[in-house]
Amino acid sequence: MANVQLTGLTTIIVLGASGDLAKKKTYPALFGLYRNGFLPEGTRIIGYARSNLSLKEFHNRLLEYAKLPTDPIKEQFTEFLKICTYISGQYDKDEDYKRLNKAIEEVESAVNSGNKNRVFYMALPPSVFIPVGHGIKKNLYSNKGVNRLIVEKPFGMDLESSRELGKALAPLWREDETYRIDHYLGKEMVKNLLIIRFANVFFGAIWNRQSIANVQITFKEKIGTEGRGGYFDEFGIIRDVMQNHLLQILSIVAMERPISLKAEDVRDEKVRVLRCIPPVEQKDIILGQYIKSEDDTKPGYLDDKTVPPGSNCPTYAAATLWINNERWEGVPFILKCGKALNEQKTEIRVQFQHVPGNVFKNAPRNELVIRVQPNEAVYMKMTNKLPGLSMDTVISELDLTYQRRFSDLKIPDAYEALILDVLKGDHSNFVRDDELDAAWKIFTPILHKIDNEKIKPDPYAYGSRGPAKIDEFVASYGFKRPSETYNWPGRQ
């Protein structure tokens, strides 16, 4: 599928424009593209939502969440607002969509010739994906240019609902018009994974079961649900983070070398490795739910008034996946994610096997750590001689910390990068339909078991590292902690 750069006039329609996602992510990303000159010339942005807001009220909402550190940037944002308009309407009424279409046509009438392209961004809850997909196609689809539809996760609740969503949208929207956005695929360090793996000969030689003992992919949030527990309770941490963000990272870590960097070649390899992963079994998973902090300053999950009383919804999960192919047979991939934990971070930790016949008996294993966020970094934990007259060893690191190495460069926001890919017509960092199907097959059986049997999660204190048995769980799959305390000078 070739990339198709948009030419002519482009109108971006943000559906759900008054919601949290649009205010906090979509519009700030569009502003970032605007101020750096990446939006096509003449681009206009039209917000659409059910909230009955005046244009001034809508602009004030955008201003509230904008990060404007300097006066020049504030001035740029004022100019950006001039290309942003707003219309209120329902998601299931043709007459409202027709009013929206009239507004789009008024914008397009400013250009007499050339393509009239439309990009539709559904910053919406999944419950309205299907009626909105129908409403857009019936009333707003452009016959004078390119149409592109951006769909936010979650893409269904399980394999069946995902397929229902796909079947509903497929007759309306071709696969090359559809962009299923998982913002983790736009993060700098996730995009860097391909280069780390396939542009460095030494990684290619050791990236297999003979050299690697286990892989951990970890997502930790310091905050809890903070009054949004009612929404979170519908999905739980596995659907919210593990089945999409962490599995996407796993697929890039574990995939074979693609024959090229074309979108379909990359996504072919991701699908191929996902199909080698059997469904998660209950013995390979632990669940947790946070309770109030030990000092009583932070509430527990069930203290959130928006959460159904007695909910068993997990706010923490750790699951071990196995990849049944020649490269990875027997290597555990441990995915861990949770809310209300002791720190905020996302990282990939590759732990290598012990050195065979090592004469330094207490030397710990080497580890490659890729810090996705915050403080992006790549570092290798290795064993070194402790300076002095002895032959004592010490853990040290080969360190690429982005803040030091690339201090003069700004790491782009993930949403900026992905929206720019949509404008370019590049599907490389978006989820394909068969990829989504393969991902749901891995998690749907265990999700149904958790839901149907109402499996009770283990409690853990707000601000802790997670359930008490997490260390034992990880160790049971061969992860070895170093016996000495690891101290990295100059690092938090």
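Residues numbered from 1 in each chain as written. Predicted model: local features only at pLDDT ≥ 70, side-chain atom pairs only at ≥ 80, totals over all residues. Heavy atoms only, no water.

**Structural notes on the environment of Ile13**
Here is step 1: Here Ile13 lies in strand 1 (residues 9-15).
Here is step 2: Overall, the relative accessible area of 0% leaves Ile13 in the buried class.
Here is step 3: The spacing of Ile13 and Glu269 is 256 residues in sequence and 33 Å in space, taken between C-alpha atoms. (Helix = DSSP H or I, 4+ residues; strand = E, 2+ residues; numbered from the N terminus. Buried < 20%, exposed > 50% of the residue type's maximum accessible area, 1.4 Å probe, protein only.)

**Some thoughts on the environment of Phe77**
Here is step 1: Mapping Phe77 onto the fold places it in helix 3 (residues 71-81).
Here is step 2: Separated by 49 residues in sequence, Phe77 and Pro28 place their C-alpha atoms 9.7 Å apart.

**Considerations on the packing of aromatic side chains**
Here is step 1: Under the defined criterion, the tally for this structure stands at 22 aromatic pairs.
Here is step 2: Measuring from ring centre to ring centre gives 5.6 Å for Tyr27 and Phe58, while their planes differ by 75°; the resulting arrangement is edge-to-face. Residue Tyr27 is found in helix 1 (residues 20-35), and its partner Phe58 is found in helix 2 (residues 55-65); the two are separated by 31 residues along the sequence. The burial state of Tyr27 is the same as that of Phe58; both residues are buried.
Here is step 3: Where Phe203 meets Trp207, the ring centres are 6.0 Å apart and the plane angle is 75°; that geometry is what we call edge-to-face.
Here is step 4: Every member of this aromatic cluster is reached through a ring pair, and the members are Phe232, Tyr290, Tyr301, Tyr316, Tyr460 and Tyr462. (Phe/Tyr/Trp six-rings, centres within 6.5 Å; stacked < 30°, edge-to-face > 60°.)

**As for the pairing of strand 5 (residues 147-152)**
Here is step 1: Counting buried positions along strand 5 gives six out of six residues, so the element sits mostly inside the fold.
Here is step 2: A two-sided burial pattern is seen for strand 5, the buried positions comprising Asn147, Leu149 and Val151 on one face and Arg148, Ile150 and Glu152 on the other.
Here is step 3: Chirality of the crossover, the property in question, places the unit of strand 4 (residues 116-122), helix 5 (residues 129-139) and strand 5 among those that are right-handed.
Here is step 4: Where strand 5 meets strand 6 (residues 178-181), four bridges bridge the pair, whose relative direction is parallel. By the bridge assignment for strand 6, Glu152 is matched with Ile181.
Here is step 5: At this point the chain moves from strand 5, through helix 6 (residues 159-169), to the parallel strand 6, and the crossover so formed is right-handed. (Right-handed = clockwise from strand over helix to strand, strands pointing away. Pairing = 2+ DSSP bridges.)

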